[in-house]
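Results of the structural survey
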Amino acid sequence: MIIEPRTRGFICITSHPKGCEKNVLDQIDYIKSKGKIEGAKKVLVIGASTGFGIASRIASAFGSEASTIGVYFEKPPAEGKTASSGWYNTAALETAAHKEGIYAKSINGDAFSNEVKQQTIDLIKEDLGQIDLLIYSLASPVRTHPTTGVRHKSTLKPIGGSYTNKTVDFHTGEVKEITIEPSTGDDIENTVAVMGGEDWDMWVNALMKENLLSSDFKTVAYSYIGPKLTEAVYRKGTIGQAKEHLEKTAFTITDALKAINGKAYVSVNKALVTQSSSAIPVIPLYISLLYKVMKENDVHEGCIEQIHRLYAERLFLNETPLDSKGRIRIDDWEMRDDIQEKVAALWKEATTESLPTIGDLEGYKTEFFNLFGFHCDGVDYDLDANEMVEIPGLQ
Ligand code: NAI
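Calculation criteria
- Residues numbered from 1 in each chain as written.
- Predicted model: local features only at pLDDT ≥ 70, side-chain atom pairs only at ≥ 80, totals over all residues.
- Heavy atoms only, no water.
- Helix = DSSP H or I, 4+ residues; strand = E, 2+ residues; numbered from the N terminus.
- Rg over C-alpha atoms; globule rule 2.2 N^0.38 Å.
- Contact = heavy atoms within 4.5 Å.
- Areas by Shrake-Rupley, 256 points an atom, 1.4 Å probe, with all protein chains shown as cover.
- Lys, Arg positive; Asp, Glu negative; His and termini not counted.
- Charge placed at Lys NZ, Arg CZ, Asp CG, Glu CD.
- Phe/Tyr/Trp six-rings, centres within 6.5 Å; stacked < 30°, edge-to-face > 60°.
- Lys NZ or Arg CZ within 6 Å of the ring centre and 35° of its normal.
- Near = heavy atom within 4 Å.
- Polar contact = N/O pair within 3.5 Å; in protein donor to acceptor, adjacent residues only side chain to side chain.
- Nonpolar A, V, L, I, M, F, W, Y, C, P; charged D, E, K, R; others polar.
- Core = buried A, V, L, I, M, F, W, Y, C linked by side-chain atoms within 4.5 Å.
- Buried < 20%, exposed > 50% of the residue type's maximum accessible area, 1.4 Å probe, protein only.
- Axes fitted to C-alpha atoms, helices over the stretch in contact; angles between N-to-C directions.
- Left-handed = near helix turned anticlockwise from the far one by under 90°.
- Patch = residues over 30% accessible without salt bridge, like charges linked within 9 Å, V, L, I, M, F, W, Y side chains within 5 Å.
- Salt bridge = Lys/Arg side-chain N within 4 Å of Asp/Glu carboxyl O.
- Expected span 1.5 Å × (residues − 1).

Now for the overall build of the chain. If you tally the helices and strands in the chain, you get 13 helices and 13 strands. Taken over the C-alpha trace, the chain has a radius of gyration of 20 Å; the compact-globule value for 395 residues is 21 Å, and the two agree within 12%. Considering only intrachain contacts with a sequence separation of at least 6, the fraction spanning at least 24 residues in the chain is 77%. Surface summary for the chain: the accessible area is close to 16800 Å², and the carbon and sulfur share equals 50%. Charge centroids of the chain, computed over 43 positive and 56 negative side chains, lie 3 Å from each other.

Here is the structure:
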């Protein structure tokens, strides 16, 4: 079938198998071009199909020839209906890995559930014995708690008062003011339940109980801080509370891993266009300006460049450099004073008229469509594409 993008708000409900494949192959090429990474050899990635998660799986599989198991929640294709992009991404990754004789299998289901944890445990026992790295890159709007059965919904709200600032509708380019009402009731607790560290801790505990973690095992979860501009809605908002909890959980997990000399880290990553970040108000405008400034200063990175730097220049060094709060920082270029000063100055000037020139709105849009396999260089969208792609390592 001929597949075209069909957007609904900040998501695209179709995705293109060839474009997704191209994105994955480009990331594989990038990792290979950087040479071998002396990293982990048996890797589990939770949230493995898009964004930072698939970049982590690619960096492990093709940088370190690691055996990888991916866990994700994606929609399979049906005749005449495309799968979600993470499905096609995973199919491309596993096909490429198998071609090179690299082990790659995956599980599609709710990572928060006991069932998916058990299925993963059984697969590790059967195929890998133990793992030496767990990447936790899950981003979800909801979580059904495995013990209470309560369905928690996360929110993106300021705390304590409403917040008004500029944002952009990146489809139309319109820059306008929005007001976001503050959190109420259980918003904070619910957001922490979904995006905080409890599920990460549960994964590590479940694996440790079964003796599936090697000595010197490492685990990393991803966090974000960002600038003053987005603080009210991000770091000091409901999602920020969840990130604080995630960051604290790293210490709890490290304590629990003492016997095997294991370590849990949080890596603070850069703001990037992903399916999750396009859903956050104000962030798309910030990213449009940030991309422009970072590209002009030759320090722009995508997910794969970020994860390469995380692996090669942080995580697998004899001593991992950490900030004063014990976190790995690969948002260092985004947070550089000169970059932030320029973004803050551009922010004041940003209007519907000026944004196409002072910001990288086109770059934002292209990356957004790229997430779903559209607008990718070298893909002929006039050709029939087979939507019924299978994931070769799917369990
Ligand atoms: P993403 O939306 O691209 O990826 C989310 C992944 O989680 C996908 O693989 C999806 O299938 C999986 N997933 C969602 N719900 C699931 C469930 N119930 N069970 C199993 N898998 C599920 O997100 P992105 O942006 O890569 O985020 C990953 C992490 O990185 C998050 O913790 C996010 O806060 C963090 N981060 C993101 C930044 C950004 O600008 N995008 C910046 C810094 C950190």
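This part takes up the packing of aromatic side chains. Applying the stated rule across the entire model yields nine aromatic pairs. Chaining the aromatic ring pairs together yields one cluster made of Phe170, Tyr364, Phe368, Phe369 and Phe372. Its end group placed over the ring of Trp333, Arg309 keeps NZ or CZ at 3.6 Å from the ring centre.

To continue, consider the site of the ligand. The ligand sits among 30 residues. The nearest are Ser49, Ala111, Lys243, Thr274 and Ser276. One of the backbone N or O atoms of Phe73 is found 3.1 Å from an oxygen atom in the ligand. Leu272 places a polar main-chain atom, nitrogen or oxygen, 2.8 Å from an oxygen atom of the ligand. Going through the elements one at a time, helix H2 (51-63) and strand E11 (213-223) are the ones with two or more residues in the shell around the ligand. Grouping the constituent residues of the shell around the ligand by class yields 13 nonpolar, 13 polar and four charged.

A few words now on the nonpolar core. One finds Leu44, Phe62, Leu134, Trp200, Trp203 and Leu207 to be the most contacted residues of the largest nonpolar core, which totals 119 residues. Considering every element that reaches this core, the biggest residue donor is helix H9 (residues 283-296), with nine residues. Filtering out sequence-adjacent residues up to four positions away, Leu207 remains in contact with Leu44, Ile121, Ile124, Ile131, Leu134, Leu212 and Leu213.

Helix-helix packing is characterised by the crossing angle of the two axes and by the distance between the axes. It is at 10 Å that the axes of helix H4 (residues 114-128) and helix H6 (residues 198-209) come closest, and there the two elements cross at 40°. Judged by the twist between their axes, the crossing of H4 over H6 is right-handed. On the side of H4, the interface is formed by Val116, Lys117, Thr120, Ile121 and Ile124, while H6 contributes Asp199, Met202, Trp203, Ala206 and Leu207. Taken together, the residues of the contact of H4 with H6 break down into seven nonpolar, one polar and two charged.

Relative to the assigned elements, Leu156 resides in the loop between strand E8 (151-153) and strand E9 (163-169). Accessibility expressed as a relative area gives 27% for Leu156, which makes it partly exposed. For the pair Leu156 and Thr238, spaced 82 residues apart in the sequence, the C-alpha separation amounts to 5.9 Å. Beyond its immediate chain neighbours, meaning those up to four positions away, Leu156 contacts Ile180, Val233, Thr238, Ile239, Ala279 and Ile280.

Turning to a positive patch on the surface, a few remarks are in order. Taken together, the side chains of Arg6, Arg8, Lys75 and Lys81 define a basic patch exposed on the protein surface. Inspection of the secondary structure assignment puts Lys81 in the loop between strand E4 (67-72) and helix H3 (85-99). Given the relative accessible area of 57%, Lys81 is considered exposed.

In this section: the pattern of salt bridges. Close approach of charged atoms lets side chains of opposite charge pair. Under the criterion given, the structure shown has 24 salt bridges. Of the charged contacts in the structure, one is a salt bridge between Lys157 and Asp187, with a shortest N-O distance of 2.9 Å. Of the two residues, Lys157 sits in the loop between E8 and E9 while Asp187 sits in helix H5 (residues 187-195), which places them 30 residues apart along the sequence. Overall, the relative accessible area of 23% leaves Lys157 in the partly exposed class. Owing to a relative accessible area of 12%, Asp187 belongs among the buried residues under this scheme. Put simply, Lys236 and Glu231 hold a salt bridge, and the shortest N to O gap is 3.6 Å. Linked by salt bridges that have partners in common, Arg235, Glu244, Glu247, Asp323, Arg327, Arg329 and Asp331 make up one network.

The next subject is helix H1 (residues 17-33). With 17 residues, H1 should reach 24 Å at 1.5 Å per residue; the first-to-last C-alpha distance of 24 Å fits that figure. Among all positions of H1, only Pro17, Gly19, Cys20, Asn23, Val24, Gln27, Ile28 and Ile31 are buried. The elements touched by buried residues of H1 are H2, H3, helix H10 (303-315) and helix H13 (361-371). Once H1 ends, the next one or two residues include Gly35, with phi positive near 85°.

With that settled, consider unusual backbone geometry. The phi angle at Asp216 is positive, at roughly 65°, despite the residue not being glycine. In this fold, Asp216 is placed in strand E11. Notably, Val282 is not glycine yet its phi reads approximately 75°, a positive angle. Looking at where Val282 falls in the secondary structure, it is placed in the loop between strand E12 (263-268) and H9.

Let us now look at the environment of Arg309. Tracing the chain through its elements places Arg309 in helix H10. Residues Arg309 and Ile330, 21 residues apart in the sequence, show an inter-C-alpha distance of 7.3 Å. Dropping the residues within four chain positions of it, Arg309 is found in contact with Glu301, Arg314, Ile330, Asp332 and Trp333.

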